[in-house]
Amino acid sequence: IYTLSLHDALPILVDNVKCDPEEARALRAAHDWIAPGYHMNKRHWITMTPGEETDPILLRELIIGSYLLVVAALPRARRPVDPLLYAHAAGLAQ
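Residues numbered from 1 in each chain as written. Predicted model: local features only at pLDDT ≥ 70, side-chain atom pairs only at ≥ 80, totals over all residues. Heavy atoms only, no water.

*Asks:* Before we go on, may I ask you to explain the nonpolar core in this structure?
*Replies:* Side chains that are nonpolar tend, in soluble globular proteins, to be buried together. Among the nonpolar cores identified, the biggest contains 10 residues, and these are Val 17, Cys 19, Ala 24, Leu 27, Trp 33, Ile 34, Ile 46, Met 48, Leu 58 and Leu 62. When contributions to this core are tallied by element, the ones reaching two or more residues are α1 (21-30), β4 (45-48) and α2 (56-73). With near-sequence residues (within four places) excluded, Cys 19 lies in contact with Ala 24, Leu 27, Arg 43, His 44, Ile 46 and Leu 69. Listed in part, the six residues of the second largest apolar core include Ile 64, Tyr 67, Val 71 and Ala 87. (Core = buried A, V, L, I, M, F, W, Y, C linked by side-chain atoms within 4.5 Å. Buried < 20%, exposed > 50% of the residue type's maximum accessible area, 1.4 Å probe, protein only. Helix = DSSP H or I, 4+ residues; strand = E, 2+ residues; numbered from the N terminus. Contact = heavy atoms within 4.5 Å.)

If you want it as structure tokens, here you go:
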């Protein structure tokens, strides 16, 4: 799992994504719409509750980054994509 959407369970749009623990801490401090993971490991997951102040580019980067974290942890033979090539194609790698 790289994202858990709780759209049907709650009256607002909420997505959980996997995140590097240090980055998650910084994101929670910088953005009111990012909180510790709802019903998830609070160290490795964040909950995003997008609103008007949400940066759509950051939201996209967090979703793609979550996917890449999960894919990179899979055995090489089971990876649907190469995480580095995908990150580069998505404009997230240099």
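*Asks:* I keep staring at the pairing of β4 and nothing clicks. Help me out?
*Replies:* Each regular strand displays side chains that alternate between the two surfaces of the sheet. Along β4, one buried face is formed by Trp 45 and Thr 47 and the opposite face, lined by Ile 46 and Met 48, is buried too. Pairing between strand β2 (residues 15-18) and β4: four bridges, direction antiparallel. Bridge pairing in β4 places Asn 16 opposite Thr 47. (Pairing = 2+ DSSP bridges.)

*Asks:* How should the packing of aromatic side chains be read in this particular structure?
*Replies:* For any pair of aromatic rings, the description rests on two quantities: the centre-to-centre distance and the angle between the ring planes. All told, the structure shown has one aromatic pair when counted by the stated rule. Ring geometry for Tyr 67 against Tyr 86: centres 5.5 Å apart, planes inclined by 55°, an arrangement best described as tilted. With Tyr 67 in helix α2 and Tyr 86 in helix α3 (residues 83-89), the pair connects residues that are 19 residues apart, well separated along the chain. (Phe/Tyr/Trp six-rings, centres within 6.5 Å; stacked < 30°, edge-to-face > 60°.)

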